[in-house]
Amino acid sequence: MINTEKGVLLVTPKMIKPSSKKLMVIGTINPAAVRRDDGKVVLYVRVIERVKVLENEKYCYAPRMVGEKRYKLKIDKFNKKNINKSSDFDILFKDNTKRLTFISHLRKVVLDESGLRVLSIDKKPTFYGTSSDSELGVEDPRIVKINEQYVMTYVSLSKEENISTSIAFSKDLEKWDKKGIIFGEQDKDVVIFPEKIKGRYVALDRPESNFQFSSPHIWIAYSKDLISWGRLKSMETPNKENKFYWRMGAGCPPIKTERGWLLIYHTVKSKEKIYTYYGSAALLDLKNPAKILYKSKPILAPINEYELKLYQKKRIVFPTGIVLDKNKKDLLIYYGGGDVVTAVRKIPLKKIMSSLKKVK
């Protein structure tokens, strides 16, 4: 019997057909997850594709979306005379700008009611960038159902807006209405609460900066319409462990419990130039989610071979999707493993709650 608490591998690059003959699939990671009305679990998995030919004697190559109403991709070429250096993953130009040798889209994956077995994978890209929106790719989605509407936040990449967070809406998890950027440059890991709190929608986000006066922490924001966000404030996390983290950010959309909003978030530790990504838990006040009541030490750690392969010197468990099991006692936590695969761990809710310690 598979120990579901230690992890079940769901989607690997070998299971995905490339969207172009000029690309190769190198990652299937960081899925959004939601239970559909028919009981089945739907994932939106980030599929990473890299150009097969990185360079020749004269040029380096990078992909870009050029279609507007359909999936259409172009491989741009750049003269090496204008390039400082290049790698398998990016091209750094002499003006200090860059392009990526890979591009991501989202692929819908349907699981059975247990949330542990794959039933189908879309054969073509399900959600992708266009020439006018996210032409350099879409990444790391989160989905939450609010009333009768599915809301997806995702990272959008473009030459003008760089790396931002955008939002889209759907009635059926099939057709999506994109509404554009809601959090600006280098503001990622946006998760939205599944209901209004005191008449407003609430989101958690993670702006990045090269200049820091404090240890890593998560921010909170509020909105009347899910489009315009304000009252931005950092959520101070008075936990001595924070100073040991290189980075932290929201992972899965919060789950409502009797004791508070349960948040599974990620933390990153760096040791000897090796980065290790964990999943931890926090409990937020039901009426004031900016208030952190309890926190845990890491409850998800890289232990499986596919999480420990040191892709780009990283050991990774990156939680992005969460679904309540049909038994109402366990949580299904979906995550990117090793920056290469999608997996899930089934953990008793009681066990997670007992790991929480009161914040002093």
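Predicted model only: the values in this text are computed from it and were never measured.

The rules we used
- Residues numbered from 1 in each chain as written.
- Predicted model: local features only at pLDDT ≥ 70, side-chain atom pairs only at ≥ 80, totals over all residues.
- Heavy atoms only, no water.
- Pairing = 2+ DSSP bridges.
- Helix = DSSP H or I, 4+ residues; strand = E, 2+ residues; numbered from the N terminus.
- Axes fitted to C-alpha atoms, helices over the stretch in contact; angles between N-to-C directions.
- Salt bridge = Lys/Arg side-chain N within 4 Å of Asp/Glu carboxyl O.
- Buried < 20%, exposed > 50% of the residue type's maximum accessible area, 1.4 Å probe, protein only.
- Patch = residues over 30% accessible without salt bridge, like charges linked within 9 Å, V, L, I, M, F, W, Y side chains within 5 Å.
- Areas by Shrake-Rupley, 256 points an atom, 1.4 Å probe, with all protein chains shown as cover.
- Lys, Arg positive; Asp, Glu negative; His and termini not counted.
- Charge placed at Lys NZ, Arg CZ, Asp CG, Glu CD.
- Polar contact = N/O pair within 3.5 Å; in protein donor to acceptor, adjacent residues only side chain to side chain.

Visitor: Got a minute to help me understand the pairing of strand β18 (residues 230–235) in this structure?
Guide: The side chains of a regular strand alternate, first on one face of the sheet and then on the other. Two strands pair when backbone bridges link them, and strand β17 (residues 218–223) and β18 are joined in this way by 4 bridges, in the antiparallel orientation. The residue bridging Ile 218 from the neighbouring strand is Met 235, located in β18. Between β17 and β18, which pair antiparallel one after the other, the connecting turn spans 6 residues, and Leu 226 there sits at a positive phi close to 75°.

Visitor: Looking at this structure, I do not really get the sheet that holds strand β12 (residues 149–158). What am I missing?
Guide: What links the strands of a sheet is backbone hydrogen bonding, and the strands pair in either a parallel or an antiparallel sense. On the basis of which strands lie adjacent, the open sheet formed by 4 strands has the order β11-β12-β13-β14 and antiparallel pairing. Each end of this open sheet is capped by a strand with a single partner; those strands are β11 (138–146) and β14 (177–183). Pairs of neighbouring strands in the sheet enclose a mean axial angle of 25°, with direction left out of account. Relative to β12, β11 is paired through 7 bridges, and the arrangement is antiparallel. Residue pairing in the sheet places Ile 143 in a bridge with Met 152 of β12.

Visitor: Where do I start with the pattern of salt bridges in this structure?
Guide: Opposite charge on two side chains permits pairing when their charged atoms draw close. If you walk through the whole model with that rule in mind, you get 21 salt bridges. Among the ionic pairs, Asp 37 bridges to Lys 145, the shortest N-O distance being 2.8 Å. Of this pair, Asp 37 sits in the loop between β2 (23–35) and β3 (41–51) while Lys 145 is found in strand β11, placing the two residues 108 residues apart along the sequence. Accessibility expressed as a relative area gives 65% for Asp 37, which makes it exposed. The exposure class of Lys 145 is partly exposed, given its relative accessible area of 24%.

Visitor: Would you mind showing me how to read a positive patch on the surface here?
Guide: Together, Lys 17, Lys 21, Lys 123 and Lys 124 line one region of the surface with positive charge. Within the fold, Lys 123 resides in the loop between β10 (118–121) and β11. Looking at Lys 123, the relative accessible area reads 75%, which means it is exposed.

Visitor: Honestly, unusual backbone geometry in this entry has me stumped. Any pointers?
Guide: Note: most residues except glycine have negative phi, and most peptide bonds are trans. One non-glycine residue with positive phi stands out, namely Ser 134, at about 60°. Looking at the secondary structure, you find Ser 134 in the loop between β10 and β11.

Visitor: Can you walk me through the side chain of Arg 345 in this structure?
Guide: As for its position among the elements, Arg 345 is in strand β26 (residues 341–348). For Arg 345, the side chain forms a polar contact with the main-chain oxygen of Ala 301, separated by 2.9 Å.

Visitor: Please explain the sheet that holds strand β9 (residues 102–111) as it appears in this structure.
Guide: The strand order β2-β3-β9-β10 describes an open sheet built from 4 strands, whose pairing is antiparallel. Pairing within the sheet leaves two strands with one partner each, and these edge strands are β2 and β10. Averaged over all neighbouring strand pairs, the angle between strand axes comes to 30°, with direction disregarded. Across 10 bridges, the pairing between β2 and β3 is antiparallel. When the bridges of β3 are listed, Leu 23 appears paired with Val 51.

Visitor: Honestly, the pairing of strand β16 (residues 201–207) in this entry has me stumped. Any pointers?
Guide: Taking burial as the measure, the 7 residues of β16 include 6 buried ones, the bulk of the element. In this structure, strand β15 (residues 187–192) lies alongside β16, joined through 4 bridges in antiparallel fashion. Following the sheet pairing, Ile 192 is matched in β16 by Ala 203. Here β16 runs beside β17; their pairing, made up of 5 bridges, is antiparallel. Looking at β17, one finds that Asp 205 is bridged to Trp 219.

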